[in-house]
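Descriptive structure summary
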Amino acid sequence: MPAFPFDNSYATLPDRFYTRLAPTPVAEPELIAVNEDLAARLGITLGDDREVLAQIFAGNEVPEGAAPLAQVYAGHQFGGWSPQLGDGRAVMLGEVVAPDGARFDVQLKGAGPTPYSRNGDGRAWLGPVLREYIVSEAMAAYGIPTTRALAAVSTGETVLRERAYPGAVLTRVASSHIRVGTFQFFAARIDVEALQALLDHTIARHYPGAEGPLGLLNGVMQAQAELVARWMGLGFIHGVMNTDNMALSGETIDYGPCAFMDTYEAMKVFSSIDQFGRYAYAQQPQIAAWNIAQLATALLPLMPDREAAIETFTEAVNGFAARFDAAWQGVLSAKLGLEGAREENAALAFDLLARMEQGGADFTRSFRALSGPEPERAAEAWAAPGPLAAWLETWRARLAEEGVSEAERMARMQAVNPALIPRNHRVEEAIQAAVGGDYAPFHRLNAALRDPFNDRPEIADLQAAPAPSEAVTRTFCGT
Ligand SMILES: Nc1ncnc2c1ncn2[C@@H]1O[C@H](COP(=O)(O)OP(=O)(O)OP(=O)(O)O)[C@@H](O)[C@H]1O
């Protein structure tokens, strides 16, 4: 029998933080995938009965020690205030404490209606479940803070969206599901007691030692500055950075309309609902700062002297840009095999990015080519290769200045510039095949993404940039 090392702390918060309820059972659960490595890391014993696992990860059977609940939150969605959100289709089974003492939420996404479902059906279809599985696990393989995918099951039920699709449930693991929107929910009600409890809980869980609201704010700012810089280093566009999708833990959460860019374009947008490009690639740091400002506002009721706090918090939030710049400079330097968060290295990278944009360069392939033995040929695959010679010369000079040998340059760069990303057209292909009953492309893509920094001839097709006819330029929340 599967066994989970549950120890539920969120459930000890006052009951206005959640609604206790069990997942709604589904008709015919079948296990699509279970992440054995992650289960081992969490101290979960799976056993080898796939049918039992399907029952558990579909929500048909609640494992021993679970305290299932749906969390309440609020949030700004595309800048507009939604006072009442919450887990509308997710049920947290409980928290597990891993053998190393780390604490994680285990949540079923697509587990049926909750009091926060509004008009939704509480369900998910196969597409978004597989997308989140693939992309969140890829992020983990890159070493980026992220929620993880423990399992995916099909439900044997139909979910109605723009048409009928097979239903599915994702088991998501997160170091917590506390969002900026969780704080906003209680701040909007001026529920100071709840805010204080949430502050204490969040600090204990994620920022031990942080002092009060300002300590938390600074911790979250640093985590988000680093996170967004790391996303951008991979050409990742989150796509829906609403305040309910910003986790206090600093993990990437909600893989709805996200995408990795193929061709580099600073203002690239994939999400079909992001009409005005609010969440475009290069907008992400500004949006993170905006979200942080909402967190600061939500923390204000905890401050005895409101006027003084507004001043302190404003100054702190204004510091986000410098935190981000430092993180971004570090990421860019590393991508070029250079050291440290140095402005001149970042300037060199900006120059390269401008040339890439003009040349219609594939983001991932270009950096990978620069990481190889013949960086001089990096621009050859660009749609409109411009002259790169002068740039290469300056770059080589910088490397020489830092005393980076050729072998060291390649080793460093190949460890941060991936050979493989979950390209949109490949993710779509895997989803389409799965809808038709063939999970092989999903499993192949997943397996390949476990080792994303090594070139292998057998995955050349997955590594390649899409031909113009293959490129997927739009993603849909398609919940
Ligand atoms: N099918 C659905 N039924 C009920 N509620 C839903 C459904 N889809 C989304 N929601 C709710 O709408 C809100 C916004 O949705 P969003 O797509 O950002 O979240 P999500 O992907 O469901 O969850 P998360 O942010 O936890 O990854 C959330 O409160 C979510 O629970």
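Residues numbered from 1 in each chain as written. Predicted model: local features only at pLDDT ≥ 70, side-chain atom pairs only at ≥ 80, totals over all residues. Heavy atoms only, no water.

For the protein, an unreviewed UniProt entry supplies the name Protein nucleotidyltransferase YdiU and the organism Gymnodinialimonas ceratoperidinii. In its Sequence similarities (unreviewed entry) section, the UniProt record describing the protein reads: "Belongs to the SELO family." The Function (unreviewed entry) field of the UniProt record for the protein holds the comment "Nucleotidyltransferase involved in the post-translational modification of proteins. It can catalyze the addition of adenosine monophosphate (AMP) or uridine monophosphate (UMP) to a protein, resulting in modifications known as AMPylation and UMPylation." (UniProt positions renumbered as here; feature names shortened; annotations may be inferred.)

1. Structural notes on the packing of helix α5 (residues 192-206) against helix α6 (residues 212-233)
Axis separation between α5 and α6 bottoms out at 10 Å; the angle between their running directions is 50°. On the basis of their axis angle, the class for α5 and α6 is oblique. Here α5 and α6 pass one another in a crossing that is left-handed. Side by side, α5 and α6 meet where Leu199, Thr202 and Ile203 of the first sit next to Gly212, Pro213 and Leu216 of the second. (Axes fitted to C-alpha atoms, helices over the stretch in contact; angles between N-to-C directions. Helix = DSSP H or I, 4+ residues; strand = E, 2+ residues; numbered from the N terminus. Parallel < 35°, antiparallel > 145°, perpendicular 65-115°, else oblique. Left-handed = near helix turned anticlockwise from the far one by under 90°. Contact = heavy atoms within 4.5 Å.)

2. What about empty space enclosed by the protein?
To find leftover empty space, a probe the size of one water molecule is rolled over the atoms. Enumeration according to the criterion identifies three cavities of 30 Å³ or more in this entry. Each pocket or cavity is described by its volume, and for the largest cavity that value is around 50 Å³. Around the largest cavity, the lining residues are Gln224, Leu227, Trp231, Met241, Asn245, Met246, Ala247, Glu251, Thr252, Ile253 and Asn291. It is α6 that provides the largest number of residues to the lining of the largest cavity, a total of three residues. A breakdown of the residues in the lining of the largest cavity according to their chemical character gives six nonpolar, four polar and one charged. (1 Å grid on protein atoms, 1.4 Å probe; cavity = no way out; pocket = protein on both sides within 12 Å on 5 of 7 lines; lining within 4 Å. Points joined across faces, edges and corners; volume = space filled by probe spheres on them. Nonpolar A, V, L, I, M, F, W, Y, C, P; charged D, E, K, R; others polar.)

3. Regarding the UniProt feature "binding site: ATP" (unreviewed entry) in the protein
Mapped onto this numbering, the UniProt entry annotates "binding site: ATP" (unreviewed entry) at Gly86, Gly88, Arg89, Lys109, Asp121, Gly122, Arg172, Arg179 and Asp254. In three dimensions, the annotated residues from a span of 169 residues occupy distinct locations, with a maximal C-alpha spread of 22.5 Å. Counting through the fold element by element, lysine 109 comes out in strand β7 (residues 103-109). Of the polar contacts made by the side chain of lysine 109, one reaches the side chain of glutamate 132; its length is 2.9 Å. Position of arginine 172 relative to the elements: it lies in strand β10 (residues 164-174). (Polar contact = N/O pair within 3.5 Å; in protein donor to acceptor, adjacent residues only side chain to side chain.)

4. Side note on the pairing of strand β9 (residues 148-160)
Two elements, strand β2 (residues 30-34) and β9, share four bridges in a ladder whose sense is antiparallel. By the bridge assignment, leucine 31 is partnered in β9 with valine 153. Relative to β10, β9 is paired through nine bridges, and the arrangement is antiparallel. Along β10, the bridge assignment pairs alanine 149 with arginine 172. (Pairing = 2+ DSSP bridges.)

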